[in-house]
Amino acid sequence: PSVLECLRFGRQNAITREQLKIKTGLNDRSIRDEISRLRLQHVIINLSNGEGYYLPTEDEKPAVRDFIRQEESRAKTSLSTLMCARKFLGDDNMQLKI
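What counts as what
- Residues numbered from 1 in each chain as written.
- Predicted model: local features only at pLDDT ≥ 70, side-chain atom pairs only at ≥ 80, totals over all residues.
- Heavy atoms only, no water.
- Helix = DSSP H or I, 4+ residues; strand = E, 2+ residues; numbered from the N terminus.
- Contact = heavy atoms within 4.5 Å.
- Salt bridge = Lys/Arg side-chain N within 4 Å of Asp/Glu carboxyl O.
- Buried < 20%, exposed > 50% of the residue type's maximum accessible area, 1.4 Å probe, protein only.
- Axes fitted to C-alpha atoms, helices over the stretch in contact; angles between N-to-C directions.
- Parallel < 35°, antiparallel > 145°, perpendicular 65-115°, else oblique.
- Nonpolar A, V, L, I, M, F, W, Y, C, P; charged D, E, K, R; others polar.
- pLDDT = per-residue confidence, 0-100.
- Arc of directions from axis to C-beta.
- Polar contact = N/O pair within 3.5 Å; in protein donor to acceptor, adjacent residues only side chain to side chain.

Position of Leu20 relative to the elements: it lies in helix H2 (residues 17-24). Between the C-alpha atom of Leu20 and that of Met83, which follows or precedes it by 63 residues, the distance is 35 Å. When sequence neighbours within four positions are dropped, the list of residues in contact with Leu20 reads Val3, Cys6, Ile15, Gly25, Ile31, Ile35 and Tyr53.

On inspection of all chains with the given rule, the structure shows 9 salt bridges. Between Lys61 and Glu58 there is a salt bridge, with the nearest N and O atoms lying 3.2 Å from each other. Taking the relative accessible area as the measure of exposure, Lys61 reaches 42% and is therefore partly exposed. Between Asp66 and Arg69 there is a salt bridge; the shortest N-O distance is 2.5 Å. With Asp66 and Arg69 both in helix H4 (residues 61-89) and 3 residues apart, the pair spans about one turn of that helix. Several salt bridges converge on common partners, so that one network encompasses Arg17, Asp28 and Arg32.

Our focus in this paragraph is the packing of H2 against helix H3 (residues 28-38). Where H2 meets H3, the axes come as close as 10 Å, and the angle between the chain directions of the two elements is 100°. Judged by the inter-axis angle, H2 sits roughly perpendicular to H3. Contacts between H2 and H3 involve Arg17, Leu20, Lys21 and Thr24 from the former and Asp28, Ile31, Arg32 and Ile35 from the latter. By residue class, the composition of the contact of H2 with H3 is 3 nonpolar, 1 polar and 4 charged.

Our focus in this paragraph is the confidence of the model for the protein. Per-residue confidence for the protein gives a mean pLDDT of 90, with 93% of residues at or over 70. Element-level pLDDT for the protein is lowest in H4, with a mean of 89, against a maximum mean of 97 in helix H1 (residues 3-6).

Glancing now at H3. Along H3, the residues classified as buried are Ile31, Ile35 and Leu38. Projected down its long axis, H3 shows its buried positions confined to an angular sector of 65°, all on one face. In the core, the buried residues of H3 are packed alongside H1 and H2. Structurally, the start of H3 carries an N-cap: the backbone nitrogen of Arg29 is 3.3 Å from a side-chain oxygen of Asn27.

This part is about the side chain of Asn46. You can see Asn46 is positioned in the loop between H3 and H4. Among the polar contacts made by the side chain of Asn46, one reaches the side chain of Arg39 at a distance of 2.5 Å. Aside from chain neighbours lying at most four places away, what touches Asn46 is Arg39, Gly52, Tyr53, Phe67 and Gln70.

Here it is as structure tokens:
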């Protein structure tokens, strides 16, 4: 089965990357890459608690808000790291490439 086929609705049905590896036969990097690709079209939640990945239900909008805050924090950290590296190179004014 594909990664998407393994994902279920609801936090109680979350699946870990280890479980995804077993079910799909993919390695960890491939699973993370596939989740990133799928997130361009689907809301796939995973919180930093290690419970795994799942598709949220309508009742789980608070979890989606928590996920957004988590990912915004990660993005801010990544941008700060890039800014520091650009400063080192003397490229403070480089445009962010997305």
